[in-house]
Amino acid sequence: MDRPFVSINMAMTADGKITSALREEPAFASRFDKKTMDRLRAEADAVLVGAGTLRADDPPLEVRDSEMKEHRLSLGKPEGLVNVLVTASAAVDPGSRFFKGVASARRIVATVLDAPADRLARLAEVAEVWAIGRGRVDLGELLTRLKAHGIERLLVEGGGELNWGFVRDDLVDELYVTIAPALLGGREAPTLCDGEGLAMADQRRLRLVRADVKDGEIFCHYAVLR
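Residues numbered from 1 in each chain as written. Predicted model: local features only at pLDDT ≥ 70, side-chain atom pairs only at ≥ 80, totals over all residues. Heavy atoms only, no water.

Peer 1: For the layout of surface pockets, give the residues involved together with the corresponding values.
Peer 2: By volume, the largest pocket amounts to about 1,200 Å³. Along the wall of the largest pocket there are 45 residues; nearest its centre are M10, I18, T53, E157 and G159. Looking at the lining of the largest pocket, the elements that each hand over two or more residues are β1 (5-13), α1 (31-43), β2 (46-50), α2 (51-57) and α6 (160-168). Forming the walls of the second largest pocket are 26 residues, and the residues nearest its centre are V167, L175, C193, R204 and L206. Elements represented by at least two residues in the lining of the second largest pocket include exactly β1, α6, β7 (174-180) and β9 (217-224). Looking at side-chain class alone, the lining of the second largest pocket contains 18 nonpolar, 3 polar and 5 charged residues. (1 Å grid on protein atoms, 1.4 Å probe; cavity = no way out; pocket = protein on both sides within 12 Å on 5 of 7 lines; lining within 4 Å. Points joined across faces, edges and corners; volume = space filled by probe spheres on them. Helix = DSSP H or I, 4+ residues; strand = E, 2+ residues; numbered from the N terminus. Nonpolar A, V, L, I, M, F, W, Y, C, P; charged D, E, K, R; others polar.)

Structure below.
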């Protein structure tokens, strides 16, 4: 395979929302979900998010749990993951926490050839800038380049539009979903996978690998069938 193994990890409410219609920082997942996220990060070579996720809650893309930090080092991996940001507009703040995590972590901004030059210049001061495609980032080409740079396992952490891009292009190998016992509603609230969606005949089928229940949360691990 000429691309990394791709995992998506997301937490959502029982009605499938990953945040509210106001795009607030999610506040429905437990410490157990955060531990799961840290384990998946610890085992990955790179973690990838979209610009919408960065603007909404600007999460530090690093392993925070001390036990999982040790787990990562036991696997022979460096302290910091490669951080990848996907943004066609390049309209992100160079002062975001994304650019200020583990000092040794490599940071890549994947954007497009027709993004505004002034924005690209500002981002080039704080990260590597890869211009791939026009209009939207060519995710297949991005994965090929990441593989060439030694990335074997890639963890995608949303948001819904970015997840859709990976599903649309059939680039997902497994899916981790935490279902929290909460409801948000809202027709404008983002879901795990947004975008224009697939026709019924083109649906992506999954195989449930494992499901665990912990304090009312359901932790699901799916493999994508091909």
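Peer 1: Before we move on, can you summarise the packing of aromatic side chains with the specific residues and values?
Peer 2: For the coordinates displayed, the defined rule picks out 1 aromatic pair. Between F98 and F99, the aromatic rings sit 4.9 Å apart at their centres with planes inclined by 85°, giving edge-to-face as the arrangement. Across this residue pair, the class does not change: F98 and F99 are buried. A cation sits over an aromatic face here: R145 above W130, 4.3 Å from the ring centre. (Phe/Tyr/Trp six-rings, centres within 6.5 Å; stacked < 30°, edge-to-face > 60°. Buried < 20%, exposed > 50% of the residue type's maximum accessible area, 1.4 Å probe, protein only. Lys NZ or Arg CZ within 6 Å of the ring centre and 35° of its normal.)

Peer 1: With reference to specific residues and values, describe the sheet that holds strand β4 (residues 107-111).
Peer 2: Picture the strands of a sheet paired through backbone hydrogen bonds; they go either parallel or antiparallel. On the basis of which strands lie adjacent, the open sheet formed by 9 strands has the order β5-β4-β3-β2-β6-β1-β7-β9-β8 and mixed pairing. Each of the sheet's edge strands pairs with one partner strand only, and the pair in question is β5 (128-131) and β8 (206-214). Across this sheet, the average inter-strand angle for adjacent strands is 20°, counted without regard to direction. Two strands pair when backbone bridges link them, and β7 and β9 are joined in this way by 6 bridges, in the antiparallel orientation. Its bridge partner being in β9, V177 is matched across the sheet by C220. (Pairing = 2+ DSSP bridges. Axes fitted to C-alpha atoms, helices over the stretch in contact; angles between N-to-C directions.)

Peer 1: Can you tell me about empty space enclosed by the protein, naming the residues and giving the values?
Peer 2: Summed over the entire model, instances satisfying the criterion amount to 1 cavity of 30 Å³ or more. Taken together, S7, L40, E43, A44, R153, L154, L155, E174 and Y176 make up the lining of the largest cavity. Among the secondary structure elements, those contributing two or more residues to the lining of the largest cavity are α1, β6 (153-156) and β7. When residues of the lining of the largest cavity are assigned to their parent elements, the largest contribution, 3 residues, is made by β6.

Peer 1: Give me the environment of P78: which residues, what numbers.
Peer 2: Topologically, P78 is positioned in the loop between α3 (66-74) and β3 (82-86). Taking C-alpha positions, P78 is 41 Å from R187, a pair spaced 109 residues apart along the chain.

Peer 1: Just give me the short version of the pattern of salt bridges, but keep the residues and values in it.
Peer 2: Tallied over the full model, the rule gives 15 salt bridges. In this structure, E43 and R39 form a salt bridge, with 3.7 Å as the shortest nitrogen-oxygen distance. Separated by 4 residues within a single helix, E43 and R39 lie in helix α1, roughly one turn from each other. Judged by relative accessible area, E43 falls into the partly exposed class, the value being 25%. Connected through shared salt-bridge partners, R3, D170, D173, R204 and R226 make up one network. (Salt bridge = Lys/Arg side-chain N within 4 Å of Asp/Glu carboxyl O.)

Peer 1: Any details on the packing of α1 against α3? Residues and values, ideally.
Peer 2: Packing of α1 against α3 brings their axes to within 8 Å, and their N-to-C directions diverge by 20°. One finds that α1 runs roughly parallel with respect to α3. In this structure, α1 meets α3 at a crossing whose hand is right-handed. The segment α1 lies against α3, with K35, D38, R39, R41, A42 and E43 engaging E67, M68, H71 and R72. The residue makeup of the contact of α1 with α3, split by class, is 2 nonpolar, 1 polar and 7 charged. (Parallel < 35°, antiparallel > 145°, perpendicular 65-115°, else oblique. Left-handed = near helix turned anticlockwise from the far one by under 90°. Contact = heavy atoms within 4.5 Å.)

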